[in-house]
Every structure is written in C-alpha cells, then in structure tokens.
Amino acid sequence: MSQLKIKSSIAISETGFLFMPNTGDSFSVNPIGVEIIDLLRQGKSEKEVKKTILSKYEIDDATLEKDYDDFLNQLKQHNVADTDEN
Amino acid sequence: MAKLRYERPVIKKLNTNFTNKYGTKTEYSPVTHIEGVAVKDLISKYGSPLFVISETHIRNTYKNALRAFRTRYPKVQFAWSYKTNYINAVCNVFHQEGSWGEVVSGFEYRKALNNGVPPDKIIFNGPDKTDEDLIAAITNGSRIHIDHLDELYRIIELTDELKMRPKVAIRVNMNTGIYPMWDRFGFNYENGQAWEAIIKILASDRMDLVGLHCHIGTFMLSSNAYAVAASKLADLALGIKIKFNKNIQYLDMGGGFASTNTLHGSFLPGKDTSPTFDEYAEAISTAILQSGFPPNELPLLILETGRALIDEAGYLLGSVISNKRLSDGRRATIMDFGVNILFTAFWYSHKISPAQEFSHYTEDSVIYGPLCMNIDVIRESCTLPPMKRGDHVVVHTVGAYNMTQWMQFIAMRPSVVMIDTKGEVHQIRDKETLEYLEQKEMMPQYLKKFTL
Ligand SMILES: Cc1ncc(COP(=O)(O)O)c(C=O)c1O
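The rules behind the values
- Residues numbered from 1 in each chain as written.
- Chains lettered and ligands numbered in written order.
- Predicted model: local features only at pLDDT ≥ 70, side-chain atom pairs only at ≥ 80, totals over all residues.
- Heavy atoms only, no water.
- Near = heavy atom within 4 Å.
- Polar contact = N/O pair within 3.5 Å; in protein donor to acceptor, adjacent residues only side chain to side chain.
- Areas by Shrake-Rupley, 256 points an atom, 1.4 Å probe, with all protein chains shown as cover.
- Helix = DSSP H or I, 4+ residues; strand = E, 2+ residues; numbered from the N terminus.
- Expected span 1.5 Å × (residues − 1).
- Core = buried A, V, L, I, M, F, W, Y, C linked by side-chain atoms within 4.5 Å.
- Buried < 20%, exposed > 50% of the residue type's maximum accessible area, 1.4 Å probe, protein only.
- Domains from an automatic or database assignment.
- Contact = heavy atoms within 4.5 Å.
- Pairing = 2+ DSSP bridges.
- Phe/Tyr/Trp six-rings, centres within 6.5 Å; stacked < 30°, edge-to-face > 60°.
- Lys NZ or Arg CZ within 6 Å of the ring centre and 35° of its normal.
- Lys, Arg positive; Asp, Glu negative; His and termini not counted.
- Salt bridge = Lys/Arg side-chain N within 4 Å of Asp/Glu carboxyl O.
- Buried area = accessible area lost by both parts, 1.4 Å probe.
- Nonpolar A, V, L, I, M, F, W, Y, C, P; charged D, E, K, R; others polar.
- 1 Å grid on protein atoms, 1.4 Å probe; cavity = no way out; pocket = protein on both sides within 12 Å on 5 of 7 lines; lining within 4 Å.
- Points joined across faces, edges and corners; volume = space filled by probe spheres on them.
- Axes fitted to C-alpha atoms, helices over the stretch in contact; angles between N-to-C directions.
- Left-handed = near helix turned anticlockwise from the far one by under 90°.

Now for the site of the ligand. All names here are of chain B. Taken together, 16 residues lie near the ligand, and Thr218, Gly256, Glu304, Gly306 and Tyr401 sit nearest. Residue Gly256 places a main-chain N or O atom 2.7 Å away from an oxygen atom belonging to the ligand. Here Arg307 contributes a backbone N or O atom positioned 2.8 Å from an oxygen atom of the ligand. Contact with the protein chains removes 93% of the 390 Å² of surface that the ligand exposes when unbound.

Listed below in structure tokens is the structure:
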C-alpha cells in the first residue's frame, strides 16, 4: 500500500477541530487522532508513527495495527487523506 | 515513565445543523459503579456478562408506587407479577415490602407457595390452568381469575368433586381507546360476555365471586386508558350490587404501567414520555371514587404492576469483543451479550454506558451481540466513546422480562447478583454450565458410539 498523505489544504486545531476549506466540511478528531495526523504531516512513515504511539501509550501492537488501519481508512473516506498529494 | 491511557483514534464528521436523534449527552458519560460497587470488580468476580439488581432501587420504586396510590385511595394492594422476574430473591424483596403474588402458570404458582406467600394472597391468572393447578388453587383457597367459559365449567365440575367453594374473579377485556385491544383474554365488557359470565357464576352458587380483573395491555403510555377501564369494572361491580345485592371485594387493574425505557422509533427518551405512578394513580383512583360506591363499600384496589416496578433496578454488565467497520462505513461493536439474554432489545433502545473513563470524543456505532445470527442487534445506533476489546459497558433498565424470557441459545444464561441496601453483593442465580444443560438429555444406547 502506498503511503497515505494528509491533504495540505486542511486546517487542524490542537483541540481536534479539523476543517477542509475546499468543501467546507468540518470534523472532530480525538487527541490521539490529532497526534497521528500531525506525525503524518511531518512526513513520518507509518512505521515511525506506530513506534511513537506504542512507546507513549499503553497499547499492544495488534490492537494499534487494527485501529491505525481503520483510522487511515476513515481519513481517506472523508477525503482528509489521499494516496497522492493534491 | 508511565504510559498514557490509550484511546482508539477517531475522526467524526460534524453535522452542525442536526441534533443526533439517538445519542443523548448522558448516554456516554461513564458508569463505573453500581450502588457503590465497581463494575470491574463485579465482572472479575462473577464473569461477563452479568445481570445486577439493585435492592435499594426496587424498594424505593415500590414505596413510591405505593405512596402514589395510598395517598389517593384508601385500600391498595400490590401483587408481584411473577413472570416479570421470578428469581426468588427478587420476589421476596417484593413480598417483604408487602406484595402478594400474581402467577399465570402452575410452576409460578408453586414458586409463590414455596417462597411462603399465604395461598389466599396468591392470584392465579392466565388461560392455561391445568386440572392439577385448579385443584391446588381451590384446595388452598387461592384466588382464581377465570379467563374463559371452558375454565368456568371445569371449575364448576371440580367443586362438585372437591366439595369446596373457590374464590374467583373474572378477567374482563374492554375497549379503552387503545389499540391493539387485548380481547383474547377474558370476557368482553361491551358485548355483554362479562355480564353473562358473572350471572353464570352467581347462578351456579358453587363459588364466591370476590373480584373483577382486567389487564388492558403492557407499556401503556396513556393513563386515561386506566380511567376508562376502572370505570367499566366499577360499573360491573355496581351492577352486581344492584341486581344481586352482593359486594365485590376488589377491583384488580392488572399491570401495564410503562417503565422509563425508550421504545424504538420514539424521538424522546422514555423518561420524558412515560406517565409517572402519580399520573396512573390519579386516573384510576378518581375513576373509582367517582363511580358511585358508598364510601364504606369502596372495593380494595389491586395492582399487578410488573415492569414499572423492576425495570430500572436491573442492569446488564458486558464486555466488548471486537470493533468492526461495516461495508457502508458504519462502525460496529460486538458485545458478549446477545438478544438471547436481552430479549427486550427487540422493542427498547436500551441506554448503554461505558464503564470506564474516556475523553469526550464519541462515535455512532451499531451494537451487535455475539450470536451467529443476523437479528442479534442490541442497538441500531448508539453513541459511545471509542472502546476496545475487553472494555466494559453497562446496559440500563433491563430488570423486567429479561431474566424470565432469556434462553440458552449458542450462549448460556449468565449469573445474576443483587446488591443489598448496605452495598453487599449476593449472588442470586448461578451461570449455567454444560452439565446443567445436559441434565435433561437422554442418549439412546444405540447412538452412544460412532466412528469417523
Ligand atoms: C395478567 C397480567 N398481570 C400483570 C402483568 C404485568 O404487566 P406489566 O409488566 O406490563 O406491568 C401481565 C403481563 O403481561 C399480565 O398478563
């Protein structure tokens, strides 16, 4: 799977309010979701993101793996992330 | 450095123009304790899923119901409806509070007797009373509420054999403006059947007609229907007084008061739509008091309230088995309890709370049970914080009918505990085992062996 990229146009606040200027859609993201989006925007690889989360939170590999994939699918579905940069 | 508590990453689209029909704010605030006892301690000791009953809640609800009626009508008696929840410990809380017993089958009748309810304080309802049941009820002097003419004739025959005078009432069905009308039970008021049955009983002179009974339906959202029903029963009782100069001792208004559960499709939560005990009491008492009885001849008012007295006192604790994403993008959560033990999920949108602290982020999710069948749906849509495998939930208002209509299907029935008024936990039913299930099975000799 090619690396997903967060669209550069989105605006996200520390409190998890995410806004997409081109569609006007807004979303609410929980703190750990904000952290993952930030790491991806910094250009971190999937592996690096997972490593960071695993070291910081009380969670096992398998659960994170599953939740991470689900979260990224959601980002894709909501057009927050894409396989190519727009 | 200690690691932080993990929560699944979540993104949720904000619909600024709509309020969520299903999720209310309180729904996802965590419920970590029941009556001061930690949910996680209960589950670690008794397993998951687990039914929990609050004795304090039963007693408070009962006292409130009794107060609502006693402050409006001089003579009131509750009779605990066994089918609603017949775990003996639950029945006995009601009996300690002063409730008689109301039963609808032979085994329920024996349960009430075994619990120590005096036979003349047991009301025997229902269309299916066997000869054995009738003979026991007649011999013991229990109150038999006659459902149909075949039963009436059978009782007449039995009194000849037993040479005893049973205490009877008839069940009356009637139009109270509510649809559907429960006219399959008892004798109809409007078409004169009820009056004919009364005449047959009095003419037989083999039994004492002590009461008149009705049960107009269940989860009745209109208190006015009870006013109509009470007036019609009172009218029959006054007719008996005028024509036969006999006093009817009691009017039994049955059960049917709504609990605070929310019916599927209801826009408002049950707490906002169900009438209170005071509203039901006002409707019934006013109707009887205004019907024309002389004050010293007012009949005893009997109530067979079931769900409204026990529903809120019952909780079901359970655990998350898995989270899934459905093909249409909806989130699904699979719990370890299914509709086999939560029958009421078919008509109520039960409130479900997480049993641990979360951030305030929530998601809408379908809640499924663990059974391998498509109808095992606990909630079509429920707003909950992101939960992971092993997290616990509390399902609210499950005390009525679930612990009697439950079945072992794929999964067995779980344990039931009661938290007493001092916060002590008592196990009142043990979870089922394979040995228990197979106790009733027999294996023919020739089927014992096979080779594969
Ligand atoms: C004769 C009779 N009495 C009492 C009840 C208890 O009804 P509820 O739980 O609706 O109060 C029922 C329930 O169907 C019933 O059939």
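Moving on: helix H8 (residues 224-244) of chain B. The end-to-end C-alpha distance of H8 of chain B is 30 Å, a good match for the 30 Å that 21 residues give at a rise of 1.5 Å each. Among the residues trailing H8 of chain B, Asn245 of chain B stands out with phi positive, at a value near 50°.

This brings us to the nonpolar core. Residues and elements named next belong to chain B. If you look at the biggest cluster of nonpolar residues, it comprises 108 residues, and the most contacted ones within it are Phe69, Ile146, Ile170, Met253 and Ile284. Examining the composition of this core, we find that 11 residues originate from one element, H8, more than from any other. Counting contributing residues, this core receives three or more from each of domain 1 (20-52 + 314-433) and domain 2 (55-311). If we skip the residues at most four places from it in the chain, Phe69 touches Val76, Phe78, Phe257, Phe277, Tyr280, Ala281, Ile284, Ser285, Leu301 and Leu303.

Before going further, it helps to spend a moment on the environment of Lys246 of chain B. Residue and element names in this part refer to chain B. Among the structural elements, Lys246 can be located in the loop between H8 and strand E12 (250-252). Take Lys246: its relative accessible area is 43%, and that puts it in the partly exposed class. Spatially, the C-alpha atoms of Lys246 and Asn125 are 23 Å apart, while their sequence positions differ by 121 residues. Contacts of Lys246, omitting those with residues within four sequence positions, involve Leu202, Ile240 and Lys241.

Let us now look at the sheet that holds strand E4 (residues 25-29) of chain A. Read from one edge of the open sheet, four strands run E2(A)-E3(A)-E4(A)-E1(B), paired in antiparallel fashion. The sheet terminates laterally at strand E2 (11-12) of chain A together with strand E1 (11-13) of chain B, the two strands that pair on one side only. Summarising the sheet, strand E3 (residues 17-20) of chain A and E4 of chain A pair through four bridges and their orientation is antiparallel. By the bridge assignment for E4 of chain A, Met20 of chain A is matched with Asp25 of chain A.

Another point: the packing of aromatic side chains. All names here are of chain B. Evaluation of the coordinates by the stated rule reveals 19 aromatic pairs over all chains. Aromatic side chains Phe343 and Trp347 sit 6.1 Å apart centroid to centroid with 75° between the ring planes, which places their arrangement in the edge-to-face category. Members of the aromatic cluster, connected to one another through ring pairs, are Tyr62, Phe69, Phe78, Trp80, Phe94, Tyr226, Phe257, Phe277 and Tyr280. The side chain of Arg5 reaches across the aromatic face of Phe358, ending 5.3 Å from its centre.

To continue, consider the side chain of Arg307 of chain B. Residues and elements named next belong to chain B. Here Arg307 lies in helix H11 (residues 307-310). Within the buried set, Arg307 has no salt-bridge partner at all; the shortest N-O distance to an opposite charge, 5.1 Å, is to Asp311. At 2.9 Å, the side chain of Arg307 and the side chain of Thr218 are in polar contact. Apart from the residues within four sequence positions on either side, Arg307 is in contact with Thr84, Thr218, Phe219, Phe257, Ser259, Trp347, Tyr348, Ala400 and Tyr401.

Moving on, we come to the interface of chain B and chain A. Counting residues at the interface gives 20 residues for chain B and 31 residues for chain A. Note on chain B versus chain A: buried area summed over both sides is about 2300 Å², and carbon and sulfur give 58% of it. Of all residues in chain B, the largest losses of buried area upon contact with chain A belong to Tyr6, Ile11 and Tyr361 of chain B, amounting jointly to 32% of the total for that side. If you look at where chain B meets chain A, you find three salt bridges. The interface formed by chain B and chain A includes 15 residue pairs in polar contact (both at pLDDT 80 or more). At the level of elements, E1 and strand E14 (314-325) of chain B are the ones that each hand at least two residues to the side of chain B that touches chain A. Considering each element in turn, the side of chain B that touches chain A owes the most residues, three residues, to E1 of chain B. Of the residues in the side of chain B that touches chain A, the class split is eight nonpolar, two polar and 10 charged. Note that E4 of chain A and E1 of chain B share three bridges and pair antiparallel. Among the inter-strand pairings, Val29 of chain A is bridged to a residue of E1 of chain B, identified as Ile11 of chain B.

A few words on empty space enclosed by the protein. All names here are of chain B. Using the criterion set out here, one finds five cavities of 30 Å³ or more in the structure. Lining the largest cavity are Val172, Asn173, Met174, Thr176, Ile178, Pro180, Met181, Trp182, His215 and Ile216. Among the residues making up the lining of the largest cavity, the classes are represented as seven nonpolar, three polar and no charged. Put simply, the second largest cavity is a space of about 50 Å³.

The next subject is the packing of helix H1 (residues 31-41) of chain A against helix H2 (residues 46-56) of chain A. Each pair of packed helices gets described by two things: the angle between the helix axes and the distance between those axes. Residues and elements named next belong to chain A. Two elements in contact, H1 and H2, have axes whose closest approach is 10 Å; the angle formed by their N-to-C orientations is 145°. Helix-helix and strand crossings are classified by hand; for H1 and H2 the assignment is right-handed. Where H1 approaches H2, its residues Ile32, Glu35, Ile36, Leu39 and Leu40 are matched on the opposing element by Val49, Thr52, Ile53 and Lys56. Of the residues that constitute the contact of H1 with H2, the class distribution is six nonpolar, one polar and two charged.

Moving on: the domain arrangement of chain B. Residue and element names in this part refer to chain B. Entries for chain B in the domain assignment read domain 1 (20-52 + 314-433) and domain 2 (55-311). The C-alpha centroid of domain 2 is placed 33 Å from the C-alpha centroid of domain 1. Listed as interface residues are 24 residues of domain 1 and, on the opposing side, 25 residues of domain 2. Between domain 1 and domain 2, roughly 2200 Å² of surface is buried when both sides are summed, and carbon and sulfur atoms account for 55% of that area. The interface formed by domain 1 and domain 2 includes zero salt bridges.

With that settled, the discussion passes to the side chain of Asn115 of chain B. Residues and elements named next belong to chain B. Take Asn115: it is sitting in helix H4 (residues 106-115). Since its relative accessible area comes to 18%, Asn115 is described here as buried. At 3.1 Å, the side chain of Asn115 and the side chain of Tyr82 are in polar contact. Setting aside its immediate chain neighbours within four residues, Asn115 contacts Tyr82, Asn88, Cys91, Asn92 and His95.

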